[in-house]
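Spelled out from the first residue to the last, the chains are:
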Amino acid sequence: NSWPTYAEGILTPAQIQEVTKQDAHFHWSTRKVRLVDEIRRNDADVVSLVELDQADYFKQCLGDQWDMVFHKRPRAASLDGCGVFWRRSKFQLVATHAI
C-alpha cells in the first residue's frame, strides 16, 4: 500500500504493517455490508450518511424500513452528497429543500 505522508508521521511502521494485514476490511465490498448491518443493529430512527456516493445501494438495503432523501454536493466534480434516512413508521417527509 502507498500510505500518505501524514499517516506515516502518525503511525509507526509496525502499526502500518498491522493495518495492511487487515486490508480486506477496508474494501468497499466489505465495508458497505458492515455499515448496513451497523445501522440496523443500532436501530436508529434517523440516520445521516455524509460523503455518500452510493445512495442507491443504501436506499435499496434500508428501503424496507427507512425512507430517504439524498442531496448531491453542489460541486460538479463531486459525485457524493448527504443522505438522510428516517424510519417510515415514525416520520413522514413533509418537504425538502436543497441548500
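Residues numbered from 1 in each chain as written. Predicted model: local features only at pLDDT ≥ 70, side-chain atom pairs only at ≥ 80, totals over all residues. Heavy atoms only, no water.

Structural notes on the side chain of Ser78
As a reminder of what qualifies: Numbering of helices and strands starts at the N terminus; helices are DSSP runs of H or I of at least 4 residues and strands are runs of E of at least 2. For each residue, the accessible area found with a 1.4 Å probe, counting protein chains only, is set against the maximum for its type, and the residue is called buried under 20%, exposed over 50%, and partly exposed in between. Pairs of residues are marked as contacts when any of their non-hydrogen atoms sit within 4.5 Å.
Structurally, Ser78 can be placed in the loop between β2 (66-72) and β3 (81-87). Given the relative accessible area of 7%, Ser78 is considered buried. Those residues in contact with Ser78, other than ones at most four positions away along the chain, are Lys72 and Arg73.

Digging into the pattern of salt bridges
To keep things clear, this is the line we draw: When a carboxyl oxygen of Asp or Glu is within 4 Å of a side-chain nitrogen of Lys or Arg, the pair counts as a salt bridge.
What the rule picks out here adds up to nine salt bridges. Residues Asp43 and Arg87 are paired through a salt bridge, measuring 2.8 Å at the closest nitrogen-oxygen approach. One end of the pair, Asp43, is in the loop between α3 (28-42) and β1 (46-52); the other, Arg87, is in strand β3, with 44 residues separating them in the sequence. The closest approach of N and O atoms between Asp45 and Arg87, which form a salt bridge, is 3.1 Å. Linking Asp45 in the loop between α3 and β1 with Arg87 in strand β3, this pair joins segments that are 42 residues apart in sequence.

Structural notes on the packing of aromatic side chains
Heads up, the rule is: By convention, a stacked pair of Phe, Tyr or Trp rings (six-membered ring in the case of Trp) has centres within 6.5 Å and planes under 30 degrees apart, an edge-to-face pair has planes over 60 apart, and any other such pair is tilted. Cation placement over rings: the criterion is NZ of Lys or CZ of Arg within 6 Å of the ring centroid and within 35° of the ring normal.
A complete count under the given rule lists two aromatic pairs for this structure. When the centroid spacing of 5.3 Å and the interplanar angle of 85° are considered together, the rings of Tyr57 and Phe58 count as edge-to-face. The two residues Tyr57 and Phe58 agree in class, both being buried. The ring of Tyr57 is capped by Lys32, whose NZ or CZ atom sits 4.7 Å from the centre of that ring.

Some words on the sheet that holds β3
Formally: Here, strands pair whenever DSSP counts at least two bridges between them. To obtain each axis, a line is fitted to C-alpha atoms, and for helices this fit is confined to the stretch in contact; angles are then taken between N-to-C directions over 0 to 180 degrees.
Pairing is antiparallel across the open sheet formed by three strands, whose spatial order is β1-β3-β2. Strand pairing shows two members of the sheet lacking a second neighbour, β1 and β2, which therefore form its edges. Averaged over all adjacent pairs, the angle separating strand axes in this sheet is 15°, with direction ignored. Sheet analysis places β2 next to β3, joined by seven bridges and oriented antiparallel. Of the residues in β3, the one forming a bridge with Met68 is Phe85. Sitting on the sheet, helix α4 (residues 55-62) touches β1, β2 and β3, and the angle it makes with β2 is about 175°.

Let's talk about the packing of α3 against α4
Test applied: Here is the rule for angles: anything less than 35 degrees is roughly parallel, anything more than 145 is roughly antiparallel, 65 through 115 is roughly perpendicular, and the remaining ranges are oblique. Here is the rule for handedness: rotate from the far helix to the near one, and if that takes an anticlockwise turn smaller than a right angle the crossing is left-handed, while a clockwise turn gives right-handed. Basically, the charged four are Asp, Glu, Lys and Arg, the nonpolar ten are Ala, Val, Leu, Ile, Met, Phe, Trp, Tyr, Cys and Pro, and anything else, Gly included, counts as polar.
Close contact between α3 and α4 brings their axes to 11 Å; oriented N to C, the two are set at 45°. In terms of orientation, α3 lies oblique with respect to α4. Viewed along their axes, α3 and α4 form a crossing whose handedness is right-handed. Each of Trp28, Lys32, Val33, Leu35, Val36, Ile39 and Arg40 in α3 lies in contact with α4, whose residues at this interface are Tyr57, Phe58, Cys61 and Leu62. Residue composition of the contact of α3 with α4, grouped by class: nine nonpolar, no polar and two charged.

Note that every value here comes from positions in space, so none of it alone points to a role or purpose.
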